[in-house]
Structure formats: C-alpha cells, structure tokens
Amino acid sequence: MAEVKLRNVKKQYENGFVAVHDFNLEIKDKEFIVLVGPSGCGKSTTLRMIAGLEDISGGEIMIGENVVNDMEPKDRDIAMVFQNYALYPHMSVYENIAFGLRLRRLPNDEIHQKVVEAAEILGITELLGRKPKQLSGGQRQRVAIGRAIVRIPKVFLMDEPLSNLDAKLRNQMRAEIILLREKIQTTFVYVTHDQTEAMTLGDRIVIMKDGYVMQVGTPQELFNHPANLFVAGFIGTPQMNFFDAQLKKDGGKYYATVENARIELPQHINDALAKRGSVPEKVTLGVRPENLILCADGTANSIAAEIKVTEMMGSEIHIHAASAEGKDVILRVQIADMSDEEQLDLIKRKTFSFTLRERTVNIFDPEDGRNLAVENAVPVPKKAETAVDADEFDKKKKKDKKSKK
C-alpha cells in the first residue's frame with residue numbers, strides 16, 4: 001500500500017487550455033479520496049495524470065517513495081476501473097479477470113486462486129464462465145473491479161465507475177464499493193460528478209472547479225463549513241439558500257439583517273469576524289433548506305414568502321418559494337409527525353413565514369465568494385475558459401482535424 005502526493009501539479013494542453021492549476025494533495029495510505037466537481041473541472045484529468053495516462057505539464061507526483069512523473073503506467077503499481085468497463089467481449093469473465101495476471105506470467109495455480117478469491121469478494125463466482133454480453137451493467141462493473149483488485153495494487157483508481165448504471169444499481173454498487181474497500185484495504189482515488197457518491201464514499205473529498213481545488217475536507221466539513229459559495233451550492237440537495245444580508249455590530253457582537261429580520265450569528269462566526277478585523281458590510285448569508293423553520297405569521301425576526309411549488313418526497317415536503325424581496329427559497333419540511341390533513345393543508349398553502357436556525361448559518365463575501373468564517377478559504381474563480389476536461393479536449397481536437405480536412 002502507498003501514500004500518493006501531488007505537488008504543484010499542472011496540466012496545460014498544446015492549444016493553451018489549462019485543465020489543472022497548481023494541484024496540491026497528500027493522500028494517506030489506505031485513505032479513500034474522492035475528486036468531485038462539474039463536467040470539465042479537471043477531476044478526470046487529475047486521475048489520468050496519477051495513472052500515467054496523461055503527461056503532466058508541471059509539478060511532481062509521488063506514489064509511495066517514488067516520483068512517477070516519467071514512469072510508465074504499468075510500472076506504477078496502480079489499477080484503474082473505467083467508466084465503460086473496458087472488458088474484452090470475446091473472453092469469459094474468468095479470462096477477463098485473469099488477463100493482467102497472465103501478462104505478468106504468474107503460475108496458473110496462483111492465477112486461479114486470485115481469480116476465485118476476487119470473484120467471491122464481488123459475488124460473481126457463478127458468472128465466471130459467461131461472456132460480457134451476457135451480463136447486466138452492474139455485473140460488468142463487478143468484473144471490471146475484479147480485474148483490478150486481483151493485482152493487489154498500491155493504489156486503486158476509479159473513474160466514474162457507476163455513471164452508466166441506473167439509480168437502483170448505483171445505490172447497490174456504492175454499498176458494495178464500501179464493503180470492498182474494507183476487505184482489500186488499499187488506497188482509493190475515486191472520480192465522480194455525483195455528490196451523493198462523494199459524500200457516502202470518501203474519507204475526504206476534493207471539490208474542483210475550472211481546474212482549481214476549491215476545498216479539501218471530510219464530508220461533514222464540506223457540508224457544515226463550505227469554503228466558498230461554489231462549494232456551498234454544489235454540496236447538498238436541494239442546494240443551500242442564499243440571502244443578501246447586511247452585517248452589523250451590537251455590543252461587540254455581529255449580527256446580520258435579512259429582509260428586516262435580525263439574525264444572531266453563532267459564536268464561531270463572531271470569533272472569525274473579530275479575528276479578521278475588517279469585514280464587508282454587505283454579505284451573503286447561506287442556510288440549508290432543512291434549517292429554515294416554518295413559523296406563525298408575525299413571529300419575531302421571521303421572513304414572509306409566497307409558495308411557488310411544493311414537492312411531496314415521501315418523508316418530507318420540499319417547498320419552493322419566493323421571499324418578499326423576490327429571493328428564491330427552498331425549505332425541507334419533515335412530515336413524519338403531521339397528520340394527513342396537516343400535510344394536505346401545507347401543500348395547498350399559498351403563503352407562509354419562516355425563521356432561520358441561526359447556529360447553522362454561513363457568511364460569505366459576495367465579491368470573491370469566500371466563507372468569512374473559514375480560514376484560508378479559496379475564492380471562486382471568475383473565468384472558466386482556461387479549464388477543460390481531458391475527454392472534452394480530445395473531442396475538440398478530433399473536431400478540429402475534421403474541419404481542416
């Protein structure tokens with residue numbers, strides 16, 4: 001097993017596109033790291049650089065004690081699972097899993113033992129004699145994972161392995177990957193655009209935008225203390241609500257005003273603002289939908305809103321509304337303790353009032369997007385034209401070649 005270190009890693013293509021800017025990360029031995037972000041953020045490019053499938057333009061990548069910048073992929077002791085499974089259609093499941101071991105010229109008895117052990121771990125023993133075309137998407141993905149784990153690599157790389165599966169299979173495979181991780185105890189680097197996968201799988205999550213790292217942290221850190229407006233809006237479903245607010249001080253403590261409501265700020269935000277010294281007067285207040293609370297009209301420091309859409313989600317109702325000042329607002333209302341009549345009344349309502357659970361708020365600088373209570377928060381990049389995903393760049397190159405012909 002091995003640590004992975006990326007120091008000032010950069011990827012710039014021939015046409016000037018910068019896919020990854022100054023990427024720094026230390027991945028601990030046996031840690032499960034997830035790279036997540038929207039399409040084109042540079043996450044797959046970063047994974048491909050670790051694998052050796054993309055040359056780096058600057059910086060240094062270490063796997064264990066070795067700098068692998070110029071090392072061939074086959075010599076890096078890594079295994080990779082791709083989005084499209086990449087199975088050999090003419091080979092059986094057994095032969096697909098055994099293929100890499102045969103290339104290493106291992107004895108047949110050892111190959112057989114490793115294949116059988118991998119099949120047992122993944123629950124595909126009864127499929128070993130079948131061809132890939134006879135398998136479902138979930139079964140093919142298990143075979144692809146089996147082919148990777150038989151090598152017992154130092155680092156296990158996974159590039160959006162569940163994106164081709166339906167929702168039910170994705171949920172099932174997420175659980176199986178968690179169990180697999182516990183069984184094989186190796187270092188994982190996992191790429192996805194799905195925040196649910198990131199939150200449920202990762203020990204730590206790296207959120208990327210336009211080739212920049214926005215924040216690295218545990219799922220709890222990212223959810224409760226997002227470093228900037230991009231992270232706050234990306235993590236969480238539905239996404240965080242944002243309000244225009246005024247920051248004021250009373251008796252040595254800060255508070256915020258939102259649509260004439262006074263919002264007392266929690267102690268950790270007061271401490272952070274006091275430490276900064278200079279703070280902006282206009283700020284963006286962030287509150288997650290589950291931390292907006294329905295209240296009676298006229299309640300002190302409440303905000304009035306007009307309901308636009310209600311969504312029945314089973315155990316909760318999502319209320320989409322507009323505040324008096326026209327701000328879009330989403331509430332998540334738990335309905336387990338409501339009667340059917342109360343639920344129906346809520347769905348039929350046209351207006352309501354709500355308050356904020358004050359201890360859960362976040363304060364952002366509207367100019368650069370940074371969370372004013374998070375130390376060393378990264379500003380949100382304003383321009384996206386310098387970043388491109390490796391796959392998107394490849395498509396662009398092919399299109400340019402065709403147009404020239």
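Residues numbered from 1 in each chain as written. Predicted model: local features only at pLDDT ≥ 70, side-chain atom pairs only at ≥ 80, totals over all residues. Heavy atoms only, no water.

**Details of the overall build of the chain**
As a reminder, the rule being used: Note on conventions: DSSP H or I runs of at least 4 residues are helices, E runs of at least 2 residues are strands, and numbering of each starts at the N terminus. Residue contacts are defined here by distance: any two heavy atoms, one from each residue, within 4.5 Å place the two residues in contact. Note on areas: these come from Shrake-Rupley sampling with a 1.4 Å probe, and a residue is covered only by the protein chains present in the view. Residues scored as positive are Lys and Arg, those scored as negative are Asp and Glu, and His as well as the terminal groups of each chain are ignored. Every charge is mapped to an atom, namely NZ of Lys, CZ of Arg, CG of Asp or CD of Glu.
The secondary structure content of the chain amounts to 11 helices and 20 strands. Reported as C-alpha extents along the three principal axes, the dimensions of the chain are approximately 80 × 50 × 50 Å. In the chain, the proportion of contacts linking residues at least 24 apart, taken out of those at least 6 apart, comes to 68%. For the chain, the accessible area works out to roughly 20000 Å², and carbon and sulfur atoms hold 47% of it. One way to put it: in the chain the 57 positive side-chain charges average out to a point 6 Å from where the 59 negative ones average out.

**Let's talk about the packing of aromatic side chains**
Rule in force here: For Phe, Tyr and Trp, where Trp contributes only its six-membered ring, two rings pair if their centres lie within 6.5 Å, and the inter-plane angle classes them as stacked under 30 degrees, edge-to-face over 60, or tilted in between. Working definition: with a 1.4 Å probe on protein chains only, accessible area under 20% of the residue-type maximum means buried, over 50% means exposed, and in between means partly exposed. Lysine NZ or arginine CZ positioned within 6 Å of the ring centre and within 35 degrees of the ring normal marks a charge as sitting over the ring.
Across all of its chains, the model carries eight aromatic pairs by this definition. When the ring of Phe156 is compared with that of Phe188, the centres are 4.9 Å apart and the planes differ by 55 degrees; the resulting orientation is tilted. Of this pair, Phe156 sits in strand S7 (residues 155-159) while Phe188 sits in strand S8 (residues 187-192); the two residues are 32 residues apart in sequence, bridging distant segments of the chain. Considered together, Phe156 and Phe188 belong to a single accessibility category, that of buried residues. For the pair Phe230 and Phe234, a centre-to-centre distance of 5.7 Å together with 20 degrees between the ring planes defines the contact as stacked. Within this pair, Phe230 and its partner Phe234 are both found in helix H8 (residues 229-234), separated by four residues, close to a single helical turn. Taken individually, Phe230 and Phe234 each receive the classification buried, so the pair is uniform in this respect. Grouping aromatic residues by their ring pairs yields a cluster made of Phe32, Phe156, Phe188 and Tyr190. Its guanidinium or amino end placed over the ring of Phe230, Lys209 lies 5.6 Å from that ring's centre, counting from NZ or CZ. When the ring centre of Tyr255 is taken as origin, the NZ or CZ atom of Arg262, which lies over that ring, is 3.7 Å away.

**Focus on the domain arrangement of the chain**
Note the cut-off: What fixes the domain bounds is an automatic or database domain assignment.
Taken domain by domain, the chain comprises domain 1 (4-224) and domain 2 (240-364). Its C-alpha centre places domain 1 at a distance of 40 Å from the equivalent point of domain 2.

**Looking at the sheet that holds strand S17 (residues 316-323)**
Put simply, the rule is: For two strands to pair, DSSP has to find at least two bridges joining them. Here, axes are lines fitted to C-alpha atoms. For helices the fit covers the stretch in contact, and angles between N-to-C directions go from 0 to 180 degrees.
Strand order in the open sheet formed by five strands is S15-S19-S16-S17-S18, with antiparallel pairing between adjacent strands. Where the open sheet ends on each side, the last strands, each with one partner, are strand S15 (292-295) and strand S18 (328-334). Averaged over all pairs of adjacent strands, the angle between their axes in this sheet comes to 45 degrees, without regard to strand direction. Sheet topology note: the S15/strand S19 (residues 351-356) ladder contains four bridges and is antiparallel. Bridge pairing in S19 links Cys295 to Ser353.

**Things to note about the pattern of salt bridges**
Quick reminder of the rule: Here, a salt bridge means any side-chain nitrogen of Lys or Arg that lies within 4 Å of a carboxyl oxygen of Asp or Glu.
Under the criterion given, the structure shown has 17 salt bridges. Of the charged contacts in the structure, one is a salt bridge between Glu54 and Lys11, with a shortest N-O distance of 3.4 Å. With a gap of 43 residues between them, Glu54 in the loop between helix H1 (43-51) and strand S4 (58-63) and Lys11 in strand S1 (residues 4-12) connect regions that are remote in the sequence. Each member of the pair, Glu54 as well as Lys11, carries the same accessibility label: buried. The partner of Asp75 in a salt bridge is Lys74, and the shortest N-O contact between them spans 3.3 Å. When its relative accessible area of 43% is taken as the criterion, Asp75 is described as partly exposed. A relative accessible area of 65% places Lys74 in the exposed class.

**Details of H1**
Of all nine residues in H1, nine are buried, a share of seventy percent or more. Looking only at H1, the buried set comprises Lys43, Ser44, Thr45, Thr46, Leu47, Arg48, Met49, Ile50 and Ala51. At the exit of H1 stands Gly52, carrying a positive phi of roughly 90 degrees.

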